[in-house]
Each structure stands twice: as structure tokens, then as C-alpha cells.
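A closer look at the structure
The chain contents come next:
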Amino acid sequence: MGLISHGGTLQATMNALSDIPNYVSHRLMTMAAWPVIVLGVFLAIIIVYALGATFRALRRKLNTTSLRGPPGKNFIFGVARDLFKLVDRGSLYEAWAEEYGAAFEVPIGLGGKRIILCDPKAIAHFYARDTWTYTMINLERTLYKRMVGKGLLLSPGDDHKRQRKSMTPAFSPIAIRNIAPIFYNCAYKVKAAWESLIDMDGKDTSIIEVQNWMNHISLDSVGNAGFSHDFGSLDGRPSSITKLFDAFVAPSKRSAIYDVITLFLHMFPVLVTFLPTPMVKLFGEMEVTMQGICEKLLERTRKEKELGILDGNTDRSIIGSLIKAKDAQSALHLDLEEVLGLMKTLMVAGYETTSAGMTWALLELAQHPDIQSKLREELLSFGADPTYDQMNSSLPYLDAVVHESLRLHPSNPEIIREAAEDDVIPLSEPVRTKSGKLVDSISIARGTIVGVPISCINRSNSVWGPDAKVFRPERWLKEDIPKKAQEFRGHRHLLSFSDGAKICIGKGFAITEIKAVLSVLVKNFVLEMKDGLDTQVESSRGMLVRPKIVGAEGVSVPLRISRYHG
């Protein structure tokens, strides 16, 4: 029996060995056929999508006002490739608005189009219906969901209202007044570090890469002020979260392949979570890292609350507010996933936007020494570090400098949304349609992509006057805000913090942090461009638009920093 068994096994083995050449040949032929198969599947998907897109585009065309706009260069991309190439599309949108009116359309590929709104009444309507009628496009929603999960950015309608209401006390003037000392503490750590770098150079000046320092300030500020967690970034403590955020600051590489992939991802956004790209890997690492940090913070705060350690003031912090909102007895009940999503959103938004804002402000001051001197004079005349209330009432030039920088350099230069339902958008000024008819409102069909070019409007000559692109803080002192600009709502007639239901809840937090940091650094240092006023600056886009010095490595802003001696 055993012999028969072994014989059968031996024969099976011999048969298997004899089949190896046939198997290898078959595999090679199969492998050789894979590119053809993949290409065939890819083309089939494109054809099916194109047919569906064409049908949807036809419906939208029949139900959307046909506006004038730039012609598309081809069916596949429209003008999308021209837009992809630009870090900030503000100037291009401004030129189109001058030619086609304050509402126009641009072809974006595969027969689709995007409605661009530059009209104040239309934009007010758009923001008023944000989260309900106008929602994130699929690709952006997929990316944010992968990065931060459930939170303010993704929550629609009533969920957004509930979450926002739970967080409002943590961003009230009282709350920000209590955390302002944290911003000063971070600023003075940078002051000490810069003085040490200057001493090490053995001179009274040193070339310092300021963007990285602003990143450290921003991360430690949001950690301490938001969650009572010290990342220790300014103390040189290694942190996985620091490495992750630094990776997001890195500029995106643009190429023809990049454009094709971007278009494909817009068609099939779910693939962004499966493709083995560095960005997808980064999202995964961020998810694990931030999940661990948030869970530790929640657990620690929960224990402190059980022990009665949290007093009334502490409970008004961001973390305290979130824990309170999670209480099952609260009318604003949030589940654990929502709390984690909100915390991750705060960490990402609080870090990236404020860091970029502080860097742009320092760069503008280095490029305009006369404005820097005037600001320093105001700060030195005031004397001690201003309190939160004094920042808002007693230092008008500091306020003007900060808002002028925010006007010229919004962290997000453009907002893109998709109409979740049919809508009619009113206009303050009539525009001419493709047929030549003047209309004072435009019909929007469900599925239409609608955009608001924030940087265009913030810097538009037709809105802010002939010096719109000039850094001129005085416009805020003289209340020299043009009538056209006053038609735009939002914080101080700017769209830098968005508007409507989704106006940035942390705008007071960000403005106070920028003011505190500038007040310390400008009083103690003179900032100059590394190679003089002819030093070239360009914009670079990672997660947001950031400045960089032309020729410098990565997203780097090296400035010449000197002690101020009076």
C-alpha cells in the first residue's frame, strides 16, 4: 500500500516536472499579454466613464445657464492642464473675469465645465448654502476623509452645525485670551534660538531658514493651546508628527504624467486610497500617528475629569470642549469617531495654515523694510507684550500688517464645490451668456462644479483698486477699503477665512498667534532678504500655497536675521 502510494506520488511529481516548461511558457505569454489586457481594461473604463460623463454633461448643459468663458484646448483636458501648471490661478481668473464677466465657465475636461464666481452677491449665496447645496468634490472628500476622518470639513448640514456648536466655546474671545501666553512662550523660544544661531556665527547677523521655525511654532502652539500636549518641536524633540507634516509642506511635482493621473483620480477618486503612491503611504502613517496621539489625549483628559482635576477654565479649552460634547447627556453629543476627526482636523488646519501665514508675513516685512521699521516703532512705543485685548485695540499697525498679509496670501487660494442639487445663483451685476443674453442670475444643475477664486478676489484690481497687488497696510488704517471690496462678506471683507456656515472657526486663534509671534520677533530682530531686495520669491504648493526663495532647496525661506539694537 505504501509502495503504491509512493509510486503514485513519484509519478505525479514527474508529470509536474514535465509540465514546468509548458507552465513557464504559459506564464510568460500571460505576462506578455498583461500590458495589452491592462490597456484594454483602462480604455474600456475610460469609454464607459466618458459616455456617462457625456450624458451627465448633457443634462447639466440643458439645466445650467450657458456662460461665456475661455475655449478648451482639447476634449480630454479642456483648460485643466493650464490650471494644473499654476500654483496660484488668481491672475488667470482675474483676466478671464475682465473678459467674460464676474461669472464665467471654464472647460475642465471630458466635456465637463466649472462655473467660476467672482460676483459678491453670487459668492454670498454660495457660502450661505455651503454644506447643504454645495459640497466637496469627490476627490477632495476622499482625501480629507483619509486624512482626518469625520469632522467639520466633511460633515454636511445639521451634523456640521452640531459639531461646530460644540467647538464654539473653545474659540471664543475668552478662550483665546487664556491661551495667548502660549503663543508668546513659543515666540520667545524662537527668539532665544535665533540669538544662539547669531552667536554661533560670531557676528551680529545670521542666515536663518524661517519657514521651518514657523512650522515648529505652529505645531507646539496647536499642541499646547489646543490639547495641552507639548510636541517639543521648538526644543528639538524628535516627533513622528513633525516628519509627517514636513512631508506635506514639500512641493508637488508637476508633469504630463501627473496631469493624467490627476484627471484619472478626479474620475475615480476612490483609487486614491488604494494606489501605492508616496502620498497614500503618508496618509496611512498620519492616520496611525494622529489616532494614537488623539486617543492618548482623550484618555488623559477623561481621567483628569474623573479625578476632578479639570476646573472651569481648563474645561473651556478645545480638548475640554470636545470631551464635554462627547458626554452622552449633552444635546451636542459627538461619537468617538467625530471627536477624533475634529481633533485631527484641528491639528492639520492649525498647523499648516498658521505656519504658512506667519512665514508670508515675515517675508513681506523683509521685502518692505520701511513697513517693518514702522511696525517695530509701534511695538517698541507700546512697550510690554500686548495682551489679547490690546492686540485688537491698541496696535492698529500690527493689525493692518497682519490683515494685509492675509489679503495677499490666503492659505487656500481657491475653493471648489459640487452642486448637490439644482440651484439658482443671483448676481449683483448682469453677465452675458453665450447667446448674448444679459442675465442677473444663473441656473446651476445638480452635479455642476462651482469655484470661488479667493486669491483672485482678494487681489483683484476691480475690487481693491489699482494697487491691489501691492503690500500696503495703510489701506486698513485709513479705512481705505473700496466700496466694491465692502460688498464681499467674510472677515474684514476678505475671503481668506472663507465665509458663511463654514467660515473658519479658528480665525481668532490664527490671527492672535500671528500677532503674538510678529510682536516678539520684530521688536528684537531686523529681517532682510538674503541677497537683498532683488531676491526672487515664488509660490510653491504642497498641501497649501507657501513661499520659497528661488534657488533655495525645497520649500525654504532663508532670511538674513540681525539683532535690533535701537
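Residues numbered from 1 in each chain as written. Predicted model: local features only at pLDDT ≥ 70, side-chain atom pairs only at ≥ 80, totals over all residues. Heavy atoms only, no water.

**Observations concerning the confidence of the model for the chain**
Across the chain, the average pLDDT comes to 81, with 74% of residues at 70 or higher. Low pLDDT, under 50, characterises residues 1–29; the stretch is placed with zero contacts to residues that sit more than four places away or in other chains. In the predicted structure, residues 311–315 sits below a pLDDT of 50 and forms five contacts with residues beyond four places in sequence or in another chain. (pLDDT = per-residue confidence, 0-100. Contact = heavy atoms within 4.5 Å.)

**Quick word on the packing of aromatic side chains**
Considering all chains together, one arrives at nine aromatic pairs under this definition. A centroid spacing of 5.9 Å and a plane angle of 65 degrees characterise the contact between Y93 and W96, whose relative ring orientation is edge-to-face. One end of the pair, Y93, and the other, W96, are both in helix α4 (residues 90–100), three residues apart, so they sit about a helical turn from each other. Here the two residues Y93 and W96 agree in accessibility, since each one is buried. Relative to Y127, the ring of F126 lies with its centre 5.4 Å away and its plane at 75 degrees, an arrangement referred to as edge-to-face. According to the relative accessible area criterion, F126 is buried, its value standing at 0%. Through a chain of ring-to-ring contacts, three or more aromatic side chains come together here, namely Y93, W96 and F104. The ring of Y564 is capped by R376, whose NZ or CZ atom sits 4.9 Å from the centre of that ring. (Phe/Tyr/Trp six-rings, centres within 6.5 Å; stacked < 30°, edge-to-face > 60°. Helix = DSSP H or I, 4+ residues; strand = E, 2+ residues; numbered from the N terminus. Buried < 20%, exposed > 50% of the residue type's maximum accessible area, 1.4 Å probe, protein only. Lys NZ or Arg CZ within 6 Å of the ring centre and 35° of its normal.)

**A look at the state of the cysteines**
Throughout the structure, instances matching the rule amount to zero disulfides. Here C118 stays unpaired: no disulfide links it, and the sulfur of C456, its closest cysteine neighbor, is 4.3 Å away. Its relative accessible area of 10% is what places C118 among the buried residues. (Disulfide = S-S within 2.5 Å.)

**Points about the side chain of R475**
If you trace the backbone, R475 turns up in helix α20 (residues 474–477). Note on R475: relative accessible area 0%, which makes it buried.

**Some words on the sheet that holds strand β12 (residues 558–563)**
Strand order in the open sheet made by the three strands is β4-β12-β9, with antiparallel pairing throughout. Both edges of this open sheet fall to β4 (205–209) and β9 (525–529), since each of them pairs with a single strand only. In this sheet, adjacent strand axes meet at a mean angle of 35 degrees when their direction is disregarded. Where β9 and β12 come together, five bridges link them in antiparallel fashion. Along β12, the bridge assignment pairs M529 with L559. (Pairing = 2+ DSSP bridges. Axes fitted to C-alpha atoms, helices over the stretch in contact; angles between N-to-C directions.)

**Describing the packing of helix α15 (residues 369–382) against helix α22 (residues 507–524)**
Contact geometry of α15 with α22 gives a least axis separation of 9 Å together with a crossing angle of 100 degrees. When the axis of α15 is compared with that of α22, the two are roughly perpendicular. For the pair α15 and α22, the contacting residues are Q372, L375, R376, L379 and L380 in the first and L518, S519, V522 and K523 in the second. Of the residues contributing to the contact of α15 with α22, the split by class is five nonpolar, two polar and two charged. (Parallel < 35°, antiparallel > 145°, perpendicular 65-115°, else oblique. Nonpolar A, V, L, I, M, F, W, Y, C, P; charged D, E, K, R; others polar.)

**A few points about the pattern of salt bridges**
Applying the stated criterion across every chain, the model contains 27 salt bridges. The partner of R407 in a salt bridge is E404, with the nearest N and O atoms 3.0 Å apart. Of the two residues, R407 and E404 both sit in helix α17 (residues 396–408), three residues apart, roughly one turn of that helix. Within this structure, E404, R407, D467, R472 and R475 form a network of salt bridges that share partners. (Salt bridge = Lys/Arg side-chain N within 4 Å of Asp/Glu carboxyl O.)

**Some remarks on the packing of helix α9 (residues 210–227) against α22**
The contact between α9 and α22 brings their axes to 12 Å, and the two run at 130 degrees. Relative to α22, α9 is oriented oblique. The handedness of the crossing between α9 and α22 comes out as right-handed. The residues of α22 that touch α9, namely those facing M214, I217, S218, S221, V222 and A225, are F509, E513, V517 and L521. Residue composition of the contact of α9 with α22, by class: seven nonpolar, two polar and one charged. (Left-handed = near helix turned anticlockwise from the far one by under 90°.)

**A look at the pairing of β12**
Pairing analysis gives five bridges linking β4 to β12, with the strands arranged antiparallel. Counterpart to T205 in the pairing with β12 is S562.

**Here's the deal with α17**
Residues lying three or four places apart along an α-helix face the same way, a consequence of the helix completing one turn every 3.6 residues. The end-to-end C-alpha distance of α17 is 18 Å, a good match for the 18 Å that 13 residues give at a rise of 1.5 Å each. Across the 13 residues of α17, 12 count as buried, placing the element largely inside the fold. Burial in α17 covers these residues: Y397, L398, D399, A400, V401, V402, H403, E404, S405, L406, R407 and L408. (Expected span 1.5 Å × (residues − 1).)

**Remarks on the side chain of S496**
Of note, S496 is situated in the loop between α21 (483–486) and α22. Taking relative accessible area as the criterion, S496 reaches 12% and is therefore assigned buried. Separated by 2.8 Å, the side chain of S496 and the backbone oxygen of L406 make a polar contact. At 2.9 Å, the side chain of S496 and the side chain of N458 are in polar contact. Contact partners of S496, with chain neighbours within four places excluded, come to L406, R407, P410, I454 and N458. (Polar contact = N/O pair within 3.5 Å; in protein donor to acceptor, adjacent residues only side chain to side chain.)

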